[in-house]
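Here's the letter readout for the chains.
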Amino acid sequence: MSKENGQPCCEKFKTSIGGQALIEGIMMRGPEQDAMAVRSNGEIKLEITPRKIRKKHSFATWPLVRGVVNFFDSEVAGVKALMRSADLSPEEDDSQEPPSKLDLWLEEKLGNERFQKAVVSLAVFLGLGLSVVLFFLLPMVIGGFFDRWIQSNLLLQLVEGLIRMVIFLAYMILISRMKEMKRVYAYHGAEHKTIRCYEAGLPLTVENVRRQTRLHPRCGTSFLLVVMVVSILVFSVASSVLLALVPALEALRGSFLYRVLMIVFKLLLLPLVVAITYEINRWAGRNDNRFTRILTAPGMWMQYFTTNEPDDAMIEVGIAALQAVIPKEEGSDRW
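Calculation criteria
- Residues numbered from 1 in each chain as written.
- Predicted model: local features only at pLDDT ≥ 70, side-chain atom pairs only at ≥ 80, totals over all residues.
- Heavy atoms only, no water.
- Axes fitted to C-alpha atoms, helices over the stretch in contact; angles between N-to-C directions.
- Helix = DSSP H or I, 4+ residues; strand = E, 2+ residues; numbered from the N terminus.
- Parallel < 35°, antiparallel > 145°, perpendicular 65-115°, else oblique.
- Contact = heavy atoms within 4.5 Å.
- Nonpolar A, V, L, I, M, F, W, Y, C, P; charged D, E, K, R; others polar.
- Expected span 1.5 Å × (residues − 1).
- Buried < 20%, exposed > 50% of the residue type's maximum accessible area, 1.4 Å probe, protein only.
- Pairing = 2+ DSSP bridges.

Colleague: Explain the packing of helix 1 (residues 65-88) against helix 10 (residues 270-286) to me, please; I cannot follow it from the model alone.
Modeller: What describes two packed helices is the angle between their axes and the distance between those same axes. Taken N-terminus to C-terminus, the directions of helix 1 and helix 10 make an angle of 95°; their axes are 7 Å apart at the nearest point. Taken as axis vectors, helix 1 and helix 10 run roughly perpendicular relative to one another. Residues Arg66, Gly67, Val68, Asn70 and Phe71 of helix 1 form the contact with helix 10, whose participating residues are Pro271, Val274, Ala275, Tyr278, Glu279 and Arg282. Its residues placed into classes, the contact of helix 1 with helix 10 shows six nonpolar, two polar and three charged.

Below, the structure is given as structure tokens:
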């Protein structure tokens with residue numbers, strides 16, 4: 001059907017439906033609702049959550065703004081689904097630990113619903129915080145030690161970007177080798193294959209899905225890689241403008257204060273990096289030509305580490321999740 005090079009084969013249209021691998025399951029996000037399918041004790045448990053429909057011309061749909069809004073919305077939905085899948089998936093040991101005194105106290109004080117929201121908020125905060133520290137703060141700190149020898153702002157940003165890419169690639173490769181992640185990445189592959197089959201206009205059967213490639217150009221892996229590249233450009237331009245507007249900063253170059261100020265400045269620019277990356281991915285996802293294939297090629301290559309070939313049981317989970325979010329009005333989910 002389609003080769004494992006990631007290029008579309010017989011693609012009839014591009015869908016806006018996206019997904020995420022969970023613990024023994026898959027979440028699909030459609031234009032009207034989200035669906036989470038988890039295999040538990042041999043059966044597929046399906047849970048559907050209606051999505052808040054934004055008005056067409058609301059502030060949240062404006063270019064650049066929508067990238068940040070969608071990013072945080074996806075993060076919150078993803079964490080909720082991941083935590084819920086952990087509850088639904090079968091335990092290796094049937095004996096469950098009783099809740100701690102802290103858990104009981106928090107649930108009593110906040111109430112069950114508010115307690116769950118607090119846990120999700122904390123999980124999102126910690127997840128984003130870890131990503132910022134590992135992929136942005138750490139490269140900035142390491143790159144900052146080169147500022148006393150490298151006078152060119154562009155070259156300094158390239159060095160920092162190279163450090164960031166090395167850390168990111170090493171992290172992704174190491175995670176892919178973890179035994180616990182192999183099944184999650186197989187479900188990731190099932191998610192991609194199912195969406196590929198749907199975009200090819202084929203009936204959603206295990207046989208049809210199995211033949212699809214496990215690589216997809218609109219994957220979050222591609223998004224993260226583009227974030228790395230865009231950050232180099234944005235940080236280079238913005239820091240050059242800052243140094244031109246505040247010449248006094250040059251006198252501080254190489255000092256601890258200078259490094260701290262530049263790190264804070266770049267961290268404040270992260271929402272802009274996310275917003276620009278979203279618009280680039282949105283444009284690349286809507287266009288299929290040589291340039292966009294080159295643009296998405298690194299992210300496609302990385303998917304060899306973040307996806308595995310799924311078995312038929314995993315594919316069935318992907319089909320169940322996708323079928324639940326296909327909109328009633330045909331074509332309303334086109335990208």
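Structure shown, so let's carry the discussion forward.
Colleague: Before we go on, may I ask you to explain helix 4 (residues 153-176) in this structure?
Modeller: Every α-helix winds through 3.6 residues per turn, so residues three or four apart in the chain are directed the same way. Between the first and last C-alpha of helix 4 there are 35 Å, a value that for 24 residues agrees with the 34 Å anticipated at 1.5 Å per step. The complete set of buried residues in helix 4 reads Asn153, Leu156, Gln157, Glu160, Gly161, Ile163, Arg164, Ile167, Phe168, Met172, Ile175 and Ser176.

Colleague: Looking at this model, I keep getting lost on the sheet that holds strand 2 (residues 25-29). Mind explaining?
Modeller: Hydrogen bonds between backbone groups are what pair the strands of a sheet, and the pairing can be parallel or antiparallel. One open sheet holds the four strands; their spatial order is 1-2-3-4, and the pairing between them is antiparallel. The outermost strands of the open sheet, each flanked by one partner alone, are strand 1 (18-22) and strand 4 (43-50). Taking each pair of neighbouring strands and ignoring which way they run, the sheet shows an average axis angle of 15°. Across eight bridges, strand 3 (residues 33-40) lies against strand 4 in antiparallel orientation. By the bridge assignment, serine 40 is partnered in strand 4 with glutamate 43.

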